[in-house]
Amino acid sequence: MGFIEKINKYGNKIPIAKTYIYQKIEEAKLSLEAIGLDMKIKNEFDLFDYEMIYKGMLAQNHIENTYEMFLSQHYDLMAYLNYDEKRKMFNNDIAPILKQYPHFLDEESQTDIYIPYLEAFVNHRYTNDYQLMMLKQHKEYVKNYKINQKTPVHLYGKKIYQTQFSSLENVYEDERHICFYYDELKTIYIFRKDNEELLNKMIVQDASSQGNVDLEDVKLIAYDIENYLYKECLDLMREKNYICEKTYKKVLKKYK
């Protein structure tokens, strides 16, 4: 049994269903199924995928609802405004709304992506020229657009896990590996960079520890395990009370 497996043996295994993200996704399950998703969260990687879609759906719904309010509030004025004037007015209305939601710049299209399960040109219409979305062909296009769990990754690549849409934190990276951390499960995930294969995962707290974990400590832990500094890693985890003395001694037997 390797170092990580030994640590995980005593780790605090938190059920996915107890995470905040899981609960919010469950609350929105009917809305997510309405856009074509088959909602089955079997592991944390399903959770990370649906989290991105959930956050994008919130932005999409808010923009759509704001446009309905915009039309209602300015109904008497609409006939006297030209296209560009309407566009500028609505863009001013949604500017503070967009600040509330995660987004990233898609370098290929130079478009800010707020709805990661829709293509860049559709994102541009939602955030810069929403009037186009009122046209029948555009409404039908979005309505019939097929979305699945992996759509954001297929559209924008796995770099999307490093954007505001994901709760994963990049805690270590070298030419071989990249390590992400998810605080709600107190777990580090180690991936190969060349083929993005998951190599391992490590729980940074044992069952006796229930406190908060500092992200800077996680970065040190990731550095230690990636550089085979197992004794240093153990010492740090004991010092920060992420593992108890009993766990420390059991693991230390092999890594003195």
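About the cut-offs
- Residues numbered from 1 in each chain as written.
- Predicted model: local features only at pLDDT ≥ 70, side-chain atom pairs only at ≥ 80, totals over all residues.
- Heavy atoms only, no water.
- Salt bridge = Lys/Arg side-chain N within 4 Å of Asp/Glu carboxyl O.
- Buried < 20%, exposed > 50% of the residue type's maximum accessible area, 1.4 Å probe, protein only.
- Axes fitted to C-alpha atoms, helices over the stretch in contact; angles between N-to-C directions.
- Helix = DSSP H or I, 4+ residues; strand = E, 2+ residues; numbered from the N terminus.
- Parallel < 35°, antiparallel > 145°, perpendicular 65-115°, else oblique.
- Left-handed = near helix turned anticlockwise from the far one by under 90°.
- Contact = heavy atoms within 4.5 Å.
- Nonpolar A, V, L, I, M, F, W, Y, C, P; charged D, E, K, R; others polar.
- Arc of directions from axis to C-beta.
- 1 Å grid on protein atoms, 1.4 Å probe; cavity = no way out; pocket = protein on both sides within 12 Å on 5 of 7 lines; lining within 4 Å.
- Points joined across faces, edges and corners; volume = space filled by probe spheres on them.
- Polar contact = N/O pair within 3.5 Å; in protein donor to acceptor, adjacent residues only side chain to side chain.

**A few points about the pattern of salt bridges**
Here the structure, examined in full by the defined rule, presents 14 salt bridges. A salt bridge links D183 to K186; the shortest N-O distance between them is 3.2 Å. When its relative accessible area of 35% is taken as the criterion, D183 is described as partly exposed. Residue class for K186 comes out buried when judged on its relative accessible area of 11%. Two residues, E245 and R238, come together in a salt bridge whose shortest N-O distance is 3.2 Å. A relative accessible area of 38% places E245 in the partly exposed class. The class for R238 is partly exposed, based on a relative accessible area of 31%.

**Some details on the packing of helix α7 (residues 120-128) against helix α8 (residues 136-144)**
Axis separation between α7 and α8 bottoms out at 12 Å; the angle between their running directions is 125 degrees. Relative to α8, the element α7 is oriented oblique. By crossing handedness, the relation of α7 to α8 is classed as left-handed. Across the interface between the two elements, F121, V122, R125 and Y126 of α7 pack against H138, Y141 and V142 of α8. Classifying every residue of the contact of α7 with α8 by side-chain character gives five nonpolar, one polar and one charged.

**A closer look at helix α2 (residues 20-27)**
Every buried residue of α2 is accounted for by I21, Y22 and I25. All buried residues of α2 project into a common sector of 100 degrees when viewed along the axis, lining one side. Residues of α2 that are exposed and point more than 90 degrees away from the buried face comprise Y20 and E27. On the buried face of α2, the contacting elements are α3 (29-34), α4 (44-73) and β4 (177-182).

**Section: empty space enclosed by the protein**
This model, assessed by the stated rule, comprises one cavity of 30 Å³ or more. Of the volumes computed, that of the largest cavity is approximately 30 Å³. If you go around the largest cavity, the residues you meet are Y67, F70, K86, R87, F90, N91, D129, Y130 and Q131. The set of elements that each furnish at least two residues to the lining of the largest cavity consists of α4 and α6 (83-98). Of all the elements, α6 adds the most residues to the lining of the largest cavity, at four residues. Taken together, the residues of the lining of the largest cavity sort by class into four nonpolar, two polar and three charged.

**Comments concerning the side chain of S209**
Inspection of the secondary structure assignment puts S209 in the loop between β6 (198-203) and α10 (215-226). You can call S209 buried: its relative accessible area is 6%. At 3.2 Å, the side chain of S209 and the side chain of Q205 are in polar contact. Only 3.0 Å separates the side chain of S209 from the backbone oxygen of N241, close enough to count as a polar contact.

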